[in-house]
Amino acid sequence: MQETLTNIQSDSTLLLIAGIAIVVLLAIVLVVVVSAMRIKVYKDRFKNLFYENKEKIEYIDKVEKELQECKIKNAKNEQELAQFDETKRTLEKANESYLSLQDIYNENEKELSQIKAKLESLDGMYTSLIDEHKHLQERFDMMQDENLKYRINNTRLLMKLEQEERYDHTLEQKKETKG
């Protein structure tokens, strides 16, 4: 190898060829090294992108699950909202019914108070009429007793009158027979 080196140093053409060969070799090594470095960089990027994509896929799956849960929750909420609207309508109808019943109750209450007032006045009239009836009954009983006394008196008087008439009639007959 020593001889080959001395031959190359003595011959300038060979030196030039050896220099060019070394430069070409260095250029090839440089290209290979640069290519290897680029391959490593691209490999690292690919790994990073692969992990990022994997994480993104996991995140997308997680978001899709959350979206599905949100859709289910939204459907439940819409159903509850529909039930709420139905309950609200039922409550409004019940409230209207309550108000109308309240009005009817108030009217009935007024009518009841009027009827109570009439009943109290009629009760007062009834009490006064009962008192008047008792008074008139007592008076009637007194009049009956008095009437009975007058009848008895009238009957006695009639009997006396009839006796007097008979006596007068017998006297007249005696006078006629005498005369």
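Cut-offs and rules
- Residues numbered from 1 in each chain as written.
- Predicted model: local features only at pLDDT ≥ 70, side-chain atom pairs only at ≥ 80, totals over all residues.
- Heavy atoms only, no water.
- Helix = DSSP H or I, 4+ residues; strand = E, 2+ residues; numbered from the N terminus.
- Rg over C-alpha atoms; globule rule 2.2 N^0.38 Å.
- Lys, Arg positive; Asp, Glu negative; His and termini not counted.
- Charge placed at Lys NZ, Arg CZ, Asp CG, Glu CD.
- Patch = residues over 30% accessible without salt bridge, like charges linked within 9 Å, V, L, I, M, F, W, Y side chains within 5 Å.
- Areas by Shrake-Rupley, 256 points an atom, 1.4 Å probe, with all protein chains shown as cover.
- Salt bridge = Lys/Arg side-chain N within 4 Å of Asp/Glu carboxyl O.
- Buried < 20%, exposed > 50% of the residue type's maximum accessible area, 1.4 Å probe, protein only.
- Phe/Tyr/Trp six-rings, centres within 6.5 Å; stacked < 30°, edge-to-face > 60°.

**Q** Tell me about the overall build of the protein, and please be specific about residues and values.
**A** Helix and strand counts for the protein stand at two helices and zero strands. Computed over C-alpha atoms, the radius of gyration of the protein comes to 72 Å, more than 25% over the 16 Å expected from 2.2 N^0.38 for 179 residues, which places it beyond the range of a compact globule. By principal-axis analysis of the C-alpha atoms, the protein measures approximately 235 × 25 × 20 Å. In the protein, 28 side chains carry a positive charge and 34 a negative one; their mean positions are 3 Å apart.

**Q** Outline the environment of N108, listing residues and values.
**A** Tracing the sequence through the fold places N108 in helix α2 (residues 12-178). Measuring from C-alpha to C-alpha, the distance between N108 and H169 comes to 83 Å, with 61 residues separating the pair along the chain.

**Q** Which residues make up a nonpolar patch on the surface, and what values go with them?
**A** A cluster of nonpolar residues, L16, I20, V24, I28 and V32, forms a patch on the protein surface that exposes about 450 Å² of accessible area. Structurally, the position occupied by I20 is in helix α2.

**Q** Outline the environment of T4, supporting the account with residue identities and numerical values.
**A** Within the secondary structure, T4 sits in helix α1 (residues 2-10). C-alpha of T4 to C-alpha of A27: the two residues are 23 residues apart in sequence and 23 Å apart in space.

**Q** Residue-level account of the pattern of salt bridges, with values.
**A** Taken as a whole and assessed by the stated rule, the structure comprises one salt bridge. The shortest N-O distance in the salt bridge between E162 and R166 comes to 3.9 Å. In this pair, E162 and R166 both sit in helix α2, four residues apart, roughly one turn of the helix. Of the residues examined, R166 reaches a relative accessible area of 55% and is grouped as exposed.

**Q** Give me the lowdown on a negative patch on the surface, citing residues and values where you can.
**A** A surface patch of like charges, here negative, comprises E52, E55, E58, D61 and E64. Within the secondary structure, E52 sits in helix α2. Exposure remark for E52: the relative accessible area of 39% places this residue in the partly exposed category.

**Q** Lay out the packing of aromatic side chains in plain terms, naming residues and giving numbers.
**A** This model, assessed by the stated rule, comprises one aromatic pair. With a centroid separation of 5.9 Å and 65 degrees between ring planes, the pair formed by F50 and Y51 is classed as edge-to-face. Look at Y51 and you get partly exposed, because its relative accessible area is 48%.

As far as function goes, none of this settles anything; it's purely spatial.
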